[in-house]
Amino acid sequence: MKPYIEVRGIKIGENPPKICVPIVGRTKEEILAAAVSIQSAAPDIVEWRADWYEDVSDFSRVSEVLTGLRTLLPDMPLLFTFRTRAEGGEKSIPLEAYAKLTRQAAASSLVDLVDVEASAGDETVRDLIREAHSCDVKVIVSSHDFQKTPGRKKLIGRLVHMQNLGADIPKIAVMPHSRKDVLTLLDATREMWEEHADRPIITMSMGAYGRISRVCGEFSGSALTFGAVGKASAPGQMNAADLRTVLKLLHQDPLN
């Protein structure tokens, strides 16, 4: 059996795949209201997409939001993510500011995981992983392609590289333009999981074509999927409650 990553009792990497619900909001009030509404969906993990927040450049304000989220969700694994505009996020940010923000979030004692974009460069990624680990925070190293689906070998190569950099969980999201693209992503996931991975991985194919990839992780090897409560944070995201129902049905005859 493959290793899993355990965060607040949630074992990421054990089937069925875990559900993460993103919070997107411009203001502190919107963000905390979303946290309240999310609780009824009982996600496994909550992601705060800080790139949506209007005061994200002021870490004292960011810390206030994180404190509010931790108060409202005391036992929920919390993932901190600033998704840059180049990778589909809401804002552009200089690399130095991005690294500083991620470092501060990891050191806050308020989050359990941080997202680090592979496009930040190997040196920055390694440094942020090392610093997050020193704070007992896990790291998802992510790569997003909103234009296309690279070939199978390239997808596997990216996942292996992120694993070699020290990511606790490598993550890839790609845009399909055909059913074949979705099958390419799923087959790359399967091969990575069966032949190369020594830790959980996350993959997804976005948009309407890729929706199937968000529910078949138990078959392909993806350990976590993203579902929406309210506003979606990426194209093709399903409602979290519907996602939970589908995953339970598929898990009735588990593969491991």
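Quick notes on the rules
- Residues numbered from 1 in each chain as written.
- Predicted model: local features only at pLDDT ≥ 70, side-chain atom pairs only at ≥ 80, totals over all residues.
- Heavy atoms only, no water.
- Helix = DSSP H or I, 4+ residues; strand = E, 2+ residues; numbered from the N terminus.
- Rg over C-alpha atoms; globule rule 2.2 N^0.38 Å.
- Buried < 20%, exposed > 50% of the residue type's maximum accessible area, 1.4 Å probe, protein only.
- Contact = heavy atoms within 4.5 Å.
- Areas by Shrake-Rupley, 256 points an atom, 1.4 Å probe, with all protein chains shown as cover.
- Lys, Arg positive; Asp, Glu negative; His and termini not counted.
- Charge placed at Lys NZ, Arg CZ, Asp CG, Glu CD.
- Pairing = 2+ DSSP bridges.
- Axes fitted to C-alpha atoms, helices over the stretch in contact; angles between N-to-C directions.
- Polar contact = N/O pair within 3.5 Å; in protein donor to acceptor, adjacent residues only side chain to side chain.
- Core = buried A, V, L, I, M, F, W, Y, C linked by side-chain atoms within 4.5 Å.
- Arc of directions from axis to C-beta.
- Phe/Tyr/Trp six-rings, centres within 6.5 Å; stacked < 30°, edge-to-face > 60°.
- Salt bridge = Lys/Arg side-chain N within 4 Å of Asp/Glu carboxyl O.

**Q** Got a sec to walk through the overall build of the protein chain? Specific residues and values, please.
**A** From N to C terminus, the protein chain includes 8 helices and 11 strands. The C-alpha atoms of the protein chain give 17 Å as radius of gyration, which agrees with the globular expectation for 256 residues (18 Å, within 12%). With the C-alpha coordinates of the protein chain rotated into their principal frame, the extents come out at 45 × 40 × 35 Å. Counting only residues that meet the buried cut, the protein chain has 55% of its 256 residues in that class. In the protein chain, the proportion of contacts linking residues at least 24 apart, taken out of those at least 6 apart, comes to 72%. Surface exposure of the protein chain reaches about 11200 Å², of which carbon and sulfur atoms provide 51%. Taking the average place of the 32 positive charges on the side chains of the protein chain and the average place of its 34 negative ones, the gap between the two points comes to 3 Å.

**Q** Break down the sheet that holds strand β8 (residues 169–174) for me, with residues and values.
**A** In spatial order, the strands read β9-β8-β7-β6-β5-β4-β3-β10-β11; together these 9 strands make up an open sheet with parallel pairing. In this open sheet, the two edge strands, each paired with only one partner strand, are β9 (202–205) and β11 (238–239). Bridging between strand β3 (residues 18–23) and strand β10 (residues 224–228) involves 3 bridges; their strand directions are parallel. Each bridged residue has a counterpart across the sheet, and for lysine 18 the counterpart in β10 is leucine 224. Against the sheet, helix α4 (residues 122–134) engages β6 (113–117) and β7 (138–145), with an angle of about 150° to β7.

**Q** An account of the side chain of threonine 149 is requested, with residue identities and associated values reported.
**A** Of note, threonine 149 is situated in the loop between β7 and α5 (152–165). Among the polar contacts listed, one links the side chain of threonine 149 to the backbone oxygen of methionine 175, at a separation of 2.8 Å. Setting aside residues up to four positions removed in sequence, threonine 149 forms contacts with Leu155, Val174, Met175, Pro176, Asp181 and Thr184.

**Q** Before we move on, could you go through the nonpolar core and cite the residues and values that matter?
**A** Of all hydrophobic cores here, the largest spans 62 residues; its most connected members are Ile23, Trp48, Val62, Leu66, Leu69, Phe80 and Val114. Among the elements that line this core, the one with the most residues is helix α6 (residues 179–196), at 6 residues. The residues contacting leucine 66, other than those within four sequence positions of it, are Trp48, Leu78, Phe80, Ser108, Leu110 and Val111.

**Q** Could you give an account of helix α1 (residues 28–38), with specific residues and numbers?
**A** Along α1, the residues classified as buried are Ile31, Leu32, Ala34, Ala35 and Ile38. In an axial view of α1, the angular spread of the buried residues amounts to 155°, which keeps them on one side of the axis. For α1, the elements touching its buried residues are β3, β4 (45–49) and α2 (59–72).

**Q** Explain the environment of isoleucine 212 to me, using residue names and the numbers behind them.
**A** Looking at where isoleucine 212 falls in the secondary structure, it is placed in the loop between β9 and α7 (217–220). Take isoleucine 212: its relative accessible area is 47%, and that puts it in the partly exposed class. Taking the C-alpha atoms as reference points, isoleucine 212 and valine 182, 30 residues apart in sequence, are found 8.4 Å from one another.

**Q** Please give an account of the environment of arginine 70 that cites residues and values.
**A** Relative to the assigned elements, arginine 70 resides in helix α2. The spatial distance from the C-alpha of arginine 70 to the C-alpha of serine 109 is 9.9 Å, given a sequence separation of 39 residues. Setting aside chain neighbours within four positions, we find arginine 70 in contact with Arg8, Asp75, Met76, Leu78, Leu110, Val111 and Asp112.

**Q** Quick rundown of the packing of aromatic side chains? Include the residues and the values.
**A** Counted by the stated rule, this structure contains 3 aromatic pairs. Between the aromatic rings of tryptophan 48 and tyrosine 53, the centroid separation amounts to 5.7 Å while the plane-to-plane angle is 55°, which identifies the pairing as tilted. Take tyrosine 53: its relative accessible area is 2%, and that puts it in the buried class. Every member of this aromatic cluster is reached through a ring pair, and the members are Trp48, Tyr53 and Phe80.

**Q** Before we move on, could you go through the pattern of salt bridges and cite the residues and values that matter?
**A** Note that side chains of opposite charge can pair when their charged atoms are close. Evaluation of the coordinates by the stated rule reveals 17 salt bridges. With a closest N to O distance of 2.9 Å, aspartate 112 and arginine 8 form a salt bridge. Highlighted residues: aspartate 112 in the loop between α3 (95–106) and β6 and arginine 8 in the loop between β1 (5–7) and β2 (10–12), separated in sequence by 104 residues. Measuring nitrogen to oxygen at the nearest pair gives 2.4 Å for the salt bridge that ties glutamate 191 to arginine 152. Separated by 39 residues along the polypeptide, glutamate 191 in helix α6 and arginine 152 in helix α5 bring together distant segments of the chain.

**Q** Tell me about unusual backbone geometry, residues and numbers included.
**A** The omega torsion across asparagine 15 and proline 16 is 0°, close enough to zero to call that bond cis. Tracing the backbone through its elements, the reader meets proline 16 in the loop between β2 and β3. The residue arginine 8 is not glycine, and still its phi comes out positive at about 50°. Take arginine 8: its relative accessible area is 42%, and that puts it in the partly exposed class.

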